[in-house]
Amino acid sequence: MKDDTPPFVTFASGAQLLVDRGLVDSITPDGLRYLARRNPDWWRFGDREDQLPYVMAGTTRTMETGAFIAMFKDGPRRGGRGRKKS
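Residues numbered from 1 in each chain as written. Predicted model: local features only at pLDDT ≥ 70, side-chain atom pairs only at ≥ 80, totals over all residues. Heavy atoms only, no water.

J.: Run through the sheet that holds strand β1 (residues 8-9), naming residues and quoting values.
T.: The three strands lie next to each other as β1-β3-β2, forming an open sheet whose pairing is antiparallel. Two strands bound the open sheet, and with one partner strand each, they are β1 and β2 (55-57). Pairing between β1 and strand β3 (residues 60-64): two bridges, direction antiparallel. Bridge assignment links V9 to a residue of β3, and that residue is M63. Running at roughly 75° to β3, helix α3 (residues 65-73) makes contact with β1 and β3 of the sheet. (Pairing = 2+ DSSP bridges. Helix = DSSP H or I, 4+ residues; strand = E, 2+ residues; numbered from the N terminus. Contact = heavy atoms within 4.5 Å. Axes fitted to C-alpha atoms, helices over the stretch in contact; angles between N-to-C directions.)

J.: Could you give me a rundown of the packing of helix α1 (residues 11-20) against helix α2 (residues 29-38), with the residues and numbers involved?
T.: The axes of two packed helices give the description: the angle between them and the distance between them. Running from N to C, α1 and α2 cross one another at 100°; their axes reach a closest spacing of 8 Å. Classified by the angle their axes make, α1 and α2 are roughly perpendicular. Within the contact between the two elements, α1 uses F11, A12, G14, A15 and L18 and α2 uses P29, L32 and R33. Of the residues assigned to the contact of α1 with α2, the class counts are six nonpolar, one polar and one charged. (Parallel < 35°, antiparallel > 145°, perpendicular 65-115°, else oblique. Nonpolar A, V, L, I, M, F, W, Y, C, P; charged D, E, K, R; others polar.)

J.: Describe the nonpolar core, with residues and values.
T.: Counting 21 residues, the largest nonpolar core has L18, L32, W43, F45, M63, F68 and F72 as its most contacted members. Among the elements of the structure, α1, α2 and α3 are those that each provide at least two residues to this core. Ranked by the residues each element gives to this core, the list is headed by α3, at five residues. When residues no more than four places from it in sequence are discounted, the contact partners of F72 are L18, L23, V24, L32, L35, W42 and W43. (Core = buried A, V, L, I, M, F, W, Y, C linked by side-chain atoms within 4.5 Å. Buried < 20%, exposed > 50% of the residue type's maximum accessible area, 1.4 Å probe, protein only.)

Here's what the structure looks like:
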C-alpha cells in the first residue's frame, strides 16, 4: 500500500486532509486559520521559538504534514464540531 501523504500541507489541503483522515467532521481553511489565531499555545506553527516555522512556497505558508496531523490527533482545543480523542 502506497502512502500518498504529502510532506507539506497548506491551510486548504490541510483542512481536506483532516476530513479525509476522519480527525474532524468538517473544517475549512478559514476554520484552520481561526484555530491558529485563537489557540496560540496549542498551534504548533509560527514565528515563536517554541513553534515550528511555516515553510514558504512562494507566498503560501505550508506546514510539515506529520506535525500538523499529530497536533489534531490530540484533538483541537476548541468548541464546535470535531472528533475528540476517546
